[in-house]
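# A closer look at the structure
Residue strings, one per chain:
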Amino acid sequence: MPSILNALLNPLSRAQNHGSSETAQGGPRRRGTSPLAQPWPIVGGNTISALVGVAVAHIISDPLLAVGLAVSLAILAMSLTRSLHPPGGAAALTAVIGGAAVARAGFWFPLVPVAINALILVGLGVVFHRLAGRRYPHRQAPAPVNVHETRDPPPGLRVGFTSADIDAAVEKFNETLDISRDDLDALLREVEHEALVRQHGALRCADVMSRDVITVTTRETPEEARRLLLQHNIRTLPVLGADGRLVGQVGLRELAAAPADAKRLPVAAAITAKAADPVMTLLPRLTDGLSHIVIVTDEEGHVQGVVSQTDLLATVAQSLAHETVS
């Protein structure tokens with residue numbers, strides 16, 4: 001029996017490394033976003049499982065009993081340390097049936113080669129995703145917050161589905177989904193937005209933008225910018241450079257934060273779009289509680305118009321009215 005089990009060592013070791021590699025790099029759909037594919041589950045899960053396997057092998061002499069106990073305890077240990085990683089079971093199995101080489105390594109085996117292999121695989125996963133233009137490790141979608149620091153939920157969360165709806169839907173599946181609740185929430189809201197853009201894709205920024213744009217240049221003073229904002233009852237002005245191209249924007253927020261004796265405009269980064277862009281793609285930015293306008297520019301950076309919150313609200317209201325009539 002030991003000789004037969006030892007013959008399985010190489011395939012099992014390759015399976016463990018291959019499994020971790022596939023998990024870290026992700027398939028064409030998963031893109032390495034699975035909670036099981038993050039660095040801690042890969043490194044911690046494999047190392048902890050190997051440590052459990054070595055400990056069981058030292059205590060239990062019967063190979064069959066040791067195999068079952070090692071894999072079971074490894075799963076328990078990974079669950080308790082939040083490092084659940086499916087290929088970790090192979091690490092525990094290898095520690096038990098690895099033969100003389102693993103036995104001689106003893107408690108060094110979880111570190112060399114298991115932990116080192118896992119670190120190398122994580123490094124390769126980072127490189128793979130960078131080359132593919134994706135981000136790894138995956139950062140969980142942050143929970144939306146009200147930027148005005150009040151107890152009201154953000155505007156985008158006041159209608160449509162809620163977190164309770166997501167929990168109820170997941171409950172009906174009666175199984176564990178390989179995605180966090182916050183990521184699922186962000187994904188579904190992005191689906192809603194994409195559907196809205198598709199339904200109203202005919203409306204372009206050029207159709208609704210204000211074309212008579214009040215601007216300032218970098219040579220203007222903060223006092224002049226404040227005067228224009230108050231005179232025209234607007235909140236943000238595009239700022240143009242000496243060549244007439246857009247360099248940023250300035251609003252009451254930037255002017256209020258600037259020193260009282262400031263002589264130069266406090267220019268902030270501008271949010272821009274193109275005239276041919278679907279206007280509904282601006283919805284997330286103009287409802288984030290911070291942005292009041294999106295500046296429409298041409299390919300050379302010249303200002304063609306602006307889409308304000310008022311412009312977008314009027315467009316949405318007219319679209320809803322047309323849908324009701326039809």
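As a reminder, the structure under discussion sits directly above these lines.
Residues numbered from 1 in each chain as written. Predicted model: local features only at pLDDT ≥ 70, side-chain atom pairs only at ≥ 80, totals over all residues. Heavy atoms only, no water.

It is worth spelling out the packing of aromatic side chains at this point. Summed over all chains, the structure comprises 0 aromatic pairs. Taking NZ or CZ as reference, Arg 189 lies 4.1 Å from the ring centre of Phe 161, over its face. (Phe/Tyr/Trp six-rings, centres within 6.5 Å; stacked < 30°, edge-to-face > 60°. Lys NZ or Arg CZ within 6 Å of the ring centre and 35° of its normal.)

Moving on, we get to the nonpolar core. Core analysis: the largest hydrophobic core is formed by 14 residues, its most contacted members being Cys 205, Val 279, Leu 282, Leu 286, Val 294 and Val 307. Filtering out sequence-adjacent residues up to four positions away, Cys 205 remains in contact with Ala 273, Lys 274, Ala 275, Asp 277, Pro 278, Val 279, Leu 282, Val 296 and Val 307. In this structure, Val 56, Ala 66, Ala 70 and Ala 77 belong to the second largest nonpolar core, which totals 11 residues. (Core = buried A, V, L, I, M, F, W, Y, C linked by side-chain atoms within 4.5 Å. Buried < 20%, exposed > 50% of the residue type's maximum accessible area, 1.4 Å probe, protein only. Contact = heavy atoms within 4.5 Å.)

This next bit is on unusual backbone geometry. Residues Val 112 and Pro 113 are joined by a peptide bond in cis, for which omega reads 20°. By secondary structure assignment, the location of Pro 113 is in helix H7 (residues 110–131). With an omega of 5°, the peptide bond between Tyr 136 and Pro 137 qualifies as cis. Inspection of the secondary structure puts Pro 137 in the loop between H7 and helix H8 (163–173). In this structure, Arg 82 is a non-glycine residue whose phi angle is positive, near 55°. Mapping Arg 82 onto the fold places it in the loop between helix H4 (63–80) and helix H5 (88–97). (Helix = DSSP H or I, 4+ residues; strand = E, 2+ residues; numbered from the N terminus.)

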